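Listed below are the residues making up each chain.
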Amino acid sequence: MAANGSGVTAGAQVDLTAVRARDLTRRYGAGATEVHALRGVSLDVERGQLVAVMGPSGSGKSTLMHTLAGLDKPSSGSVTIAGIEITELDDASMTRLRRDHIGFVFQFFNLLPMLTAEENVLLPLTIAGEAPDREWLDQLLTKTGLHDRRRHRPSELSGGQQQRVAIARALVSKPTILFADEPTGNLDSRTGGEILELLRDSTREYGQTIVMVTHEARAASIADRILFLADGLIVRELTDAHPAQVLDVMSTLQS
Amino acid sequence: MTRVALRGLLGRKLRAGLTAFAIVLGVAMVSGTFVLTDTIKAAFSTVFTAVYQNTDAVISGRSAISRSSNGNAQSPPSLPASLLGRVRALPEVASASGSISDTAQLVGRDGKVISSGGAPGLAFSYAPSGRRFSPLTLASGRFPREADQIDIDASTARKYGFRVGQRIGVVARGPVRRFQIVGTVEIGGVSSLGGATMTIFTLPEAQRLFDKVGRYDQISVAARHGYTSNRLVQAIRPLLGPSAQVRSGRAQARQATKDTSGFLNIFQDFLLAFGGIALFVGSFVIANTLSITVAQRTRELAILRTLGASRRQVLGSVLLEALLIGALASVIGLALGLLLAKGLNSLLASFGIDLPQTATVFKTRTVIVALAVGIVITLIAALRPALRATRVAPISLVREGSLLPPSRWSRYGTQAALGTILGAIALMLIGLFVSTLSTGLRLLGVGAGALALFIGVAMLAPQLVPPLARLLGWPATRVGGAPGQLAQGNSARNPARTASTASALMIGLALVTLVSVLAAGLRSGFESSVNSAFIANYAITAANNFSPISLASEQRAARIPGVTAVVGVRAGAGRAFGSNVNVTGVPPNASRAIRVDWAHGGPQIPAQLGSNGAFVSQAYARAQHLHVGSPLSLETPSGSHLQLKLIGITNPPKGASPYGDISISEATFDRAYQNPQNLFTFVNMSGGVTAANSARLTAALAGFPDAKVQDKTQFINNQLQGLTSLLNLLYVLLSLSVVVSLFGIVNTLVLTVFERTREIGMLRAIGMSRRQVRRMIRHESVITALLGATFGIPLGVLLAALIGATINFGTFTVPVGTLVVFVFLAVITGLIAAIWPARRAGKLNVLAALSYE
Ligand SMILES: Nc1ncnc2c1ncn2[C@@H]1O[C@H](COP(=O)(O)OP(=O)(O)OP(=O)(O)O)[C@@H](O)[C@H]1O
Ligand SMILES: [Mg+2]
């Protein structure tokens, strides 16, 4: 998984890597108030992996997500998604890339209140002007347990149900990669657990690649890999970790 | 708390500015109107003071008829020359001089009479003996000495390229005659009086030309040393009969100013009314904007409440914010009004109405009224949002979603709205149909009813928005794809907000519709009236379609070979049964050119009028309880009373009547009225309307540049020209309130975009392009505008039907084509309003949208 030069070198490798970052830095402000949110982060996420990002508050987790997803431009470094270098893309190409390759799950569910659950799920396709795959939609709604709630509006759904709508929305276009920033941050631990299971399952069953930021050791422990961020750098990495291990690492970082 | 309100306002400069703008235009209209009319009045006052500065007393004819309602102001009777001798003989008099003032038109090099902006052509006499009284000063050349010499005003000379020594055509009472220009003049120190042309004749020539030999229109008197002008006036008064009056020079200047001001006051009220409408619409916009702002500040208000702020303090802070916005808007409006007045002045000048120039008059009253109106209206509009803000409970702080508690009255919303609407219609019906009330009260009823109707519909609108938005948004979902679908949903998301935004546009559109429907009714009524009444081949009118013209053209037409009938309709003012009436004088053969239905009598009546017969319209007969055989006393402007007998009653067509209230025979008219003139002259020719006949008639009248020959269709179109210009003026003035409502849409959209920042960010994150975001906002705007049209246009038609039923203007016609155009205009308004908010929405950074709280 070591960095082997920069950019895309071999077709086979592109196929296996969903997102790749090289030497990402991100600075906010200038002069005395300058903040180095990222100080040089490189990583590769292989297809079908569920990667968790952890770290103390202010360590740069959200910033990393945003730059990886093309929502924010890094101060230096490069990001490729599905083999496409995204740091220099203009707005129109970035929009197209989002439609085809990226899914989002936010801490706030961000559903449109005037649309039904099903319409919210279908929104990315509606926007892209694509016809929905009914079978896939049915499968998703069943999987997310929303089948009998499809006609409900967000205000008639519980928080967990709303987040499941958001996840189905992120999955409906079968994106190359799904980004989730504290997807359980707004939910109680039981509901949060269900959501995590849903994400885990989508990786297992559909091979969905996921990068997820979380604060909870239990949440992180379901991931294939856990990246630990501190002060804008990846300081540790664990694979198939137990919650206890995770807590261990976190406590060393926090101090 | 005050500090918090101020900080809050500063933190929301953009929103405050947008809110303020809603009221700026209305205030500008009010202050601009005051500045413009005050300035014009001051200018005229200066001019008239200069005109009479060397005159201690002025004797003039007194018309028995005060200014008539139809504008056919009859010039006052002239004075006998013998009066001048008797005035001169008074010991108080140092000198006195008689003069003529009448109307005459100059003919341009193109052979057409010079007339800019409908301003009259003034004619004055000049006599060396009256030099000290003359308001005229030479700009070049000298005063006329011979009968064929004239001076013209310097402004016309300059504009139309006439110089001293050249010859120019003049139309006075008879055919055009050519005179030599020997000088150019200014009056009262200005070169033009609102675009009116001036022609100066020698006194004898003026008397001859205007059939005033041995008579004067005015005698100017100077007092002998040691006598005040009041003494002079008192000395002169016993010499005068009932048809003459004397005033001091200063009083005469005041009177002349007042006469001009009369028109200006109407003009002022007219413009102020439109300013008022714009302010009314603005109040909707302000109420809506503040409601949205308060809703968006729920959290902030809740924090304040948790920290111990009382309801009263919350109310105070919102009202303080409104007060500041209102004050800001009023000051900007005041300044803008100043510019507007200047702009209007140059607009008038570009139409040829250059008003005498003076320094801009900026009265304290203008400042006070503009500020008071702007601030008070803003405060009233803010009251409801402010009261709702007080109902924000501290608990809102911990609840997700910042929705205001529903208003205490909201569950009675529909009933209240329907009640208001019914009350409004009742008020209007009372105003329209209860004829026992005074006109002022009735107008008040109609006006207040219309306002209440708008408010009632606006109250009902939130219930109607969801289904209508679905309906009106349907095309958007077809053409707009996903953005269109989202826009349709968005517009019904907050029905109260959408309804209120659309209501502002509704008002403007309803009024525009009202005007267009009434105009269409007038037009079609007029057309059908003329079509049924006009049975002549040709009509001759003044070039401007409405001024009376001299009888010379009628006499000339009668001598053309092939002409079988000439019917001149004389028009003048009179007084009967204590009120002013329009009087027409008709020839015996009138029925050969004009066909009307007769309730009593028949087409032979005009021939049977004799010296004391009269006929009236059925409406007039009813109003005065007259029937055939009733006696009728008609007072003419010269003060004589005609004792008439009613011999016929017409049932004229609804849209327009060829006859006035009272018609007498042409011969009687000519005897009773000085200088009778025709309003219309109808001509029949053998062979009817043919190209040859038209050419012959036009050629024969070539010497009368002011006489225009036209057939029936041309006559209809020409007569409707005035209506068309009035209609266009009304459209322009009403567009002001549409612009205000456009700002309302902009406000709502900008605030909505701001409120949905995170949502738009999400949409962008899941693949919505900038263009799609912009399209979504545009569609939402158009749907809102269409809602405005959906409420406004039917409301306008309803108002027109109600008002039309009272003024009985003929046919009720719905100009479908025009209304379709209005719908398109509403769509365009929506598109324009969306430009800026859509750009803002499109520019939202996805990231900022996500992290925004
Ligand atoms: N827009 C910004 N302007 C300036 N500094 C910023 C901005 N966004 C983030 N930062 C700074 O960058 C650093 C990393 O922020 P980031 O949001 O990535 O942290 P995080 O790991 O997501 O924290 P948390 O767990 O609290 O969400 C912090 O020090 C933060 O203050
Ligand atoms: Mg974060």
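Residues numbered from 1 in each chain as written. Chains lettered and ligands numbered in written order. Predicted model: local features only at pLDDT ≥ 70, side-chain atom pairs only at ≥ 80, totals over all residues. Heavy atoms only, no water.

Moving on, we come to the overall build of chain B. Looking only at helices and strands, chain B has 22 helices and 24 strands in total. Taken over 853 residues, chain B has a buried fraction of 54%. Across chain B, contacts joining residues at least 24 apart in sequence account for 82% of those joining residues at least 6 apart. Between the mean site of the 77 positive side-chain charges and the mean site of the 32 negative ones, chain B shows a separation of 11 Å. (Helix = DSSP H or I, 4+ residues; strand = E, 2+ residues; numbered from the N terminus. Buried < 20%, exposed > 50% of the residue type's maximum accessible area, 1.4 Å probe, protein only. Contact = heavy atoms within 4.5 Å. Lys, Arg positive; Asp, Glu negative; His and termini not counted. Charge placed at Lys NZ, Arg CZ, Asp CG, Glu CD.)

Turning next to the environment of Ala359 of chain B. Tracing the backbone shows Ala359 of chain B in the loop between α9 (311-350) and α10 (364-390). Along the sequence, Ala359 of chain B and Thr39 of chain B sit 320 residues apart, while their C-alpha atoms lie 7.3 Å from each other.

Taken together, the 22 residues of chain B in the interface contact 20 residues of chain A. Summed over both sides, the interface of chain B with chain A buries roughly 2,000 Å², with 68% coming from carbon and sulfur. When residues of chain B are sorted by the area they lose upon contact with chain A, Met762, Ile766 and Leu847 of chain B head the list and together hold 28% of the total. Inspection of the region where chain B meets chain A yields 2 salt bridges. Between Arg770 of chain B and Asp91 of chain A there is a salt bridge whose closest N-O contact spans 3.6 Å. Put simply, chain B and chain A have 7 residue pairs in polar contact (both at pLDDT 80 or more) between them. Contributions of two or more residues to the side of chain B that touches chain A are made by α12 (439-491), α19 (757-765), α20 (770-807) and α22 (846-851) of chain B. The leading source of residues in the side of chain B that touches chain A is α19 of chain B, at 6 residues. By residue class, the composition of the side of chain B that touches chain A is 10 nonpolar, 7 polar and 5 charged. (Buried area = accessible area lost by both parts, 1.4 Å probe. Salt bridge = Lys/Arg side-chain N within 4 Å of Asp/Glu carboxyl O. Polar contact = N/O pair within 3.5 Å; in protein donor to acceptor, adjacent residues only side chain to side chain. Nonpolar A, V, L, I, M, F, W, Y, C, P; charged D, E, K, R; others polar.)

Next up on the list: the sheet that holds strand β14 (residues 244-248) of chain B. All names here are of chain B. Ordered by their spatial adjacency, 4 strands build an open sheet running β3-β13-β1-β14, and the pairing between neighbours is antiparallel. Since the sheet does not close on itself, it has two edges, and those belong to β3 (93-99) and β14, each with one partner. Pairwise comparison of adjacent strand axes, ignoring direction, gives a mean angle of 20° for this sheet. As defined by bridge partners, strand β1 (residues 57-61) adjoins β14 across 5 bridges and the pair is classed as antiparallel. By the bridge assignment, Ser60 is partnered in β14 with Gln245. Across the sheet, helix α6 (residues 229-236) is in contact with β1, β3, β13 (218-223) and β14; its angle to β14 comes to roughly 170°. On the sheet, helix α7 (residues 249-296) packs against β1 and β14 and is oriented at approximately 105° with respect to β14. (Pairing = 2+ DSSP bridges. Axes fitted to C-alpha atoms, helices over the stretch in contact; angles between N-to-C directions.)

Looking now at a nonpolar patch on the surface. Residues and elements named next belong to chain B. Side chains of Leu14, Val821, Leu825, Ile828, Ile832, Ile835 and Trp836 sit close together on the surface and give an oily, nonpolar patch of about 600 Å² of accessible area. Relative to the elements of secondary structure, Leu14 occurs in helix α2 (residues 13-51). Exposure remark for Leu14: the relative accessible area of 36% places this residue in the partly exposed category. (Patch = residues over 30% accessible without salt bridge, like charges linked within 9 Å, V, L, I, M, F, W, Y side chains within 5 Å. Areas by Shrake-Rupley, 256 points an atom, 1.4 Å probe, with all protein chains shown as cover.)

So, about helix α9 (residues 243-254) of chain A. The end-to-end C-alpha distance of α9 of chain A, which contains 12 residues, comes to 16 Å, matching closely the 16 Å that a straight helix rising 1.5 Å per residue would cover. Considering only its buried residues, α9 of chain A is in contact with β3 (50-54), α8 (217-220), β9 (225-230) and β10 (233-239) of chain A. (Expected span 1.5 Å × (residues − 1).)

Time to look at the environment of Ser202 of chain A. Residues and elements named next belong to chain A. Secondary-structure assignment places Ser202 in helix α7 (residues 189-206). A relative accessible area of 3% means that Ser202 is categorised as buried. With 62 residues separating them along the chain, Ser202 and Leu140 place their C-alpha atoms 9.6 Å apart. If we skip the residues at most four places from it in the chain, Ser202 touches Leu171, Gly207, Gln208 and Ile210.

This brings us to the packing of helix α5 (residues 134-143) of chain A against α7 of chain A. Residue and element names in this part refer to chain A. Remark: α5 packs on α7, axes separated minimally by 12 Å, with the N-to-C direction vectors making an angle of 140°. One way to sum up the angle between α5 and α7 is to call them oblique. α5 and α7 meet at a crossing whose hand is right-handed. Within the contact between the two elements, α5 uses Trp136, Gln139 and Lys143 and α7 uses Leu198, Asp201, Glu205 and Tyr206. Split into classes, the residues belonging to the contact of α5 with α7 amount to 3 nonpolar, 1 polar and 3 charged. (Parallel < 35°, antiparallel > 145°, perpendicular 65-115°, else oblique. Left-handed = near helix turned anticlockwise from the far one by under 90°.)

A separate point is unusual backbone geometry. Residues and elements named next belong to chain A. If you check the backbone angles, Ala82 has positive phi at about 50° while not being a glycine. The residue Ala82 is located in the loop between β4 (76-81) and β5 (84-85) in this model. Look at Glu182: it is not a glycine, yet its phi comes out positive at around 45°. Looking at the secondary structure, you find Glu182 in the loop between β7 (177-181) and α7. Look at Glu182 and you get buried, because its relative accessible area is 19%.

Residues and elements named next belong to chain A. Strand order in this open sheet of 6 strands is β6-β7-β8-β3-β9-β10, and the pairing throughout is mixed. Only two strands of the sheet have a single neighbouring strand rather than two, namely β6 (102-105) and β10. Direction aside, the axes of adjacent strands within the sheet are offset by 20° on average. Direction of pairing for β7 relative to strand β8 (residues 209-213): parallel, over a ladder of 5 bridges. Paired with Leu178 across the bridge in β8 is Ile210.

Confidence along chain A averages 86 in pLDDT terms, with 94% of residues attaining 70 or more. Overall, residues 1-14 of chain A carries pLDDT values under 50, and its contacts beyond four positions in sequence, including any with other chains, amount to 15 contacts. (pLDDT = per-residue confidence, 0-100.)

With 53 residues, α12 of chain B extends only 43 Å from end C-alpha to end C-alpha; this falls clearly short of the ideal 78 Å at 1.5 Å per step. At Gly480 of chain B, α12 of chain B shows its maximal kink, close to 155°; a proline, Pro483 of chain B, follows between one and four residues later. (Bend = angle between axes of the 7 residues up to and from the residue.)

Once that is clear, we can look at the packing of aromatic side chains. Within the structure shown, the criterion is met by 20 aromatic pairs over all chains. Ring centres 5.3 Å apart and planes at 50° place the aromatic pair Phe534 of chain B and Phe715 of chain B in the tilted group. Of this pair, Phe534 of chain B sits in the loop between α13 (495-533) and β15 (538-542) while Phe715 of chain B is found in helix α18 (residues 712-755), placing the two residues 181 residues apart along the sequence. Judged by relative accessible area, Phe715 of chain B falls into the buried class, the value being 5%. Aromatic rings pair up to connect Phe534, Phe680, Phe682 and Phe715 of chain B into one cluster. Over the face of the ring belonging to Trp136 of chain A we find Lys174 of chain A, whose NZ or CZ atom lies 5.0 Å from the ring centre. Here the basic side chain of Arg109 of chain B rests over the ring of Phe162 of chain B, its NZ or CZ set 4.2 Å away from the ring centre. (Phe/Tyr/Trp six-rings, centres within 6.5 Å; stacked < 30°, edge-to-face > 60°. Lys NZ or Arg CZ within 6 Å of the ring centre and 35° of its normal.)

For the coordinates displayed, the defined rule picks out 32 salt bridges over all chains. One network of salt bridges, with partners in common, ties together Glu118, Arg134, Asp138, Arg150 and Arg151 of chain A.

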